[in-house]
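Summary of structural features
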Amino acid sequence: MAALFLLGNASCSDEESYSNLLKSEEKTTNWYMAQKNICLTIPEDSVFETGPDAPYYKMDEEGYLYMQVINPGDTTKAKNEEKVIFRFMRCNLKNYRSTGEMTWSGNADNMEYATASFHFNSYVYQDSQKYGQGIQVPMKYLGYNSEVNLVLRSYIGFAADQSSCIPYALNVKYFKPEY
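Residues numbered from 1 in each chain as written. Predicted model: local features only at pLDDT ≥ 70, side-chain atom pairs only at ≥ 80, totals over all residues. Heavy atoms only, no water.

What follows is about the pairing of strand β6 (residues 116-119). Where burial is concerned, the two faces of β6 agree: the one with Ala116 and Phe118 and the one with Ser117 and His119 are both buried. Bridging between strand β4 (residues 83-92) and β6 involves four bridges; their strand directions are antiparallel. When the sheet's bridge partners are listed, Val84 is paired in β6 with Phe118. (Buried < 20%, exposed > 50% of the residue type's maximum accessible area, 1.4 Å probe, protein only. Helix = DSSP H or I, 4+ residues; strand = E, 2+ residues; numbered from the N terminus. Pairing = 2+ DSSP bridges.)

Another point: the packing of aromatic side chains. The relation between two aromatic rings is expressed through the spacing of the ring centres and the mutual angle of the planes. Within the structure shown, the criterion is met by 13 aromatic pairs. With centroids separated by 4.8 Å and ring planes inclined at 80°, the aromatic side chains of Phe48 and Tyr57 adopt a geometry described as edge-to-face. As far as burial versus exposure is concerned, Phe48 and Tyr57 are alike and both buried. Residues Phe88 and Phe158 carry aromatic rings whose centres are separated by 5.4 Å and whose planes lie at 85° to one another, so their mutual orientation is edge-to-face. Of this pair, Phe88 sits in strand β4 while Phe158 sits in the loop between β7 (147-152) and β8 (168-175); the two residues are 70 residues apart in sequence, bridging distant segments of the chain. (Phe/Tyr/Trp six-rings, centres within 6.5 Å; stacked < 30°, edge-to-face > 60°.)

On to helix α2 (residues 18-33), then. When the terminal C-alpha atoms of α2 are compared, their 22 Å separation across 16 residues agrees well with the 22 Å that a helix rising 1.5 Å per residue should span. Within α2 the residues assigned to the buried category are Leu21, Glu25, Thr28, Thr29, Tyr32 and Met33. Down the axis of α2, the smallest arc covering the buried residues is 125°, so these residues share one side. Buried residues along α2 sit in contact with β1 (38-39), β2 (56-58), β3 (65-71), α3 (93-99), β7 and β8. (Expected span 1.5 Å × (residues − 1). Arc of directions from axis to C-beta. Contact = heavy atoms within 4.5 Å.)

Let us now look at empty space enclosed by the protein. Across all of its chains, the model carries one cavity of 30 Å³ or more by this definition. Its volume calculated, the largest cavity comes out at about 50 Å³. If you trace the largest cavity, you find it lined by Arg90, Leu152, Arg153, Ser154, Gly157, Phe158, Asp161, Ile166, Tyr168 and Leu170. Here the lining of the largest cavity is composed, by residue class, of five nonpolar, two polar and three charged. (1 Å grid on protein atoms, 1.4 Å probe; cavity = no way out; pocket = protein on both sides within 12 Å on 5 of 7 lines; lining within 4 Å. Points joined across faces, edges and corners; volume = space filled by probe spheres on them. Nonpolar A, V, L, I, M, F, W, Y, C, P; charged D, E, K, R; others polar.)

Counting residues in hydrophobic clusters, the biggest one holds 29 residues, and the most contacted among them are Phe86, Ile135, Leu150, Leu170, Val172 and Tyr174. Mapped onto this core, the elements with two or more residues apiece are β3, β4, β6, β7 and β8. Broken down by element, this core gets its largest block of residues, four residues, from β8. In contact with Val172, other than residues within four places in its own chain, are Phe86, Arg87, Phe88, Ile135, Ser146, Glu147, Val148 and Leu150. By size, the runner-up hydrophobic cluster in this structure holds nine residues, among which are Tyr66, Cys91, Val151 and Ala169. (Core = buried A, V, L, I, M, F, W, Y, C linked by side-chain atoms within 4.5 Å.)

What follows covers unusual backbone geometry. Here Ser46, not a glycine, exhibits a phi torsion of approximately 60°, which is positive. You can see Ser46 is positioned in the loop between β1 and β2. Phi angles above zero are rare outside glycine, and Glu81 is one such case at about 70°. Summarising the element assignment, Glu81 is placed in the loop between β3 and β4.

This brings us to the side chain of Arg153. In this fold, Arg153 is placed in the loop between β7 and β8. In this structure Arg153 is buried but unpaired, with Glu25 as the nearest side chain of opposite charge at 4.1 Å. If we ignore the near neighbours within four places in the chain, the residues touching Arg153 are Glu25, Glu26, Thr29, Glu62, Gly63, Tyr64 and Pro167. (Lys, Arg positive; Asp, Glu negative; His and termini not counted. Salt bridge = Lys/Arg side-chain N within 4 Å of Asp/Glu carboxyl O.)

With 90% of its residues at a pLDDT of 70 or more, the chain shows a mean pLDDT of 88. Scored below 50 in pLDDT, residues 1-13 makes zero contacts in the model with residues more than four places away or belonging to other chains. (pLDDT = per-residue confidence, 0-100.)

As a further point, take the pattern of salt bridges. Under the criterion given, the structure shown has two salt bridges. One salt bridge connects Lys176 with Glu82, and the closest N-O pair in it is separated by 3.6 Å. Placement of Lys176 in the segment after β8 and of Glu82 in the loop between β3 and β4 is noted, with a sequence separation of 94 residues between them.

Set out below in structure tokens:
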């Protein structure tokens with residue numbers, strides 16, 4: 001009898017299942033993207049429309065990443081394993097959906113904060129693992145000194161956010177390190 005009671009209480013937990021968190025994340029992302037102009041294909045020549053009125057490009061089939069190119073940057077692109085510096089601001093879209101307020105955080109608004117970095121197209125480095133795959137995708141198409149707005153789901157987002165299934169809107173600027 002006691003075992004059945006414990007089993008019953010365990011199944012009625014207040015915590016959401018991971019599956020439900022993923023569904024909620026997808027709904028939140030779809031809600032946010034419904035307010036945007038979306039292009040479902042990446043230009044074959046990688047010449048994106050740019051500026052604050054440019055469309056968001058769906059960068060993968062699953063809808064984990066959308067990219068709006070604000071500035072395509074230089075013609076110099078990152079090489080494999082080359083270090084890329086970036087500054088970012090991000091907004092938790094679940095909070096935005098529930099409160100109606102876009103609250104931004106990150107390292108772009110205060111130059112006293114350390115810059116973030118990754119090693120392009122390589123995930124053996126700790127910094128690349130920390131920030132996930134999604135933050136690197138724009139550098140496959142754009143050069144240094146580029147700026148993008150991203151909508152990034154947790155699966156390819158920052159490692160610290162993956163288990164909580166929170167989608168983010170980000171503004172990211174990419175730079176070549178000065179040695």
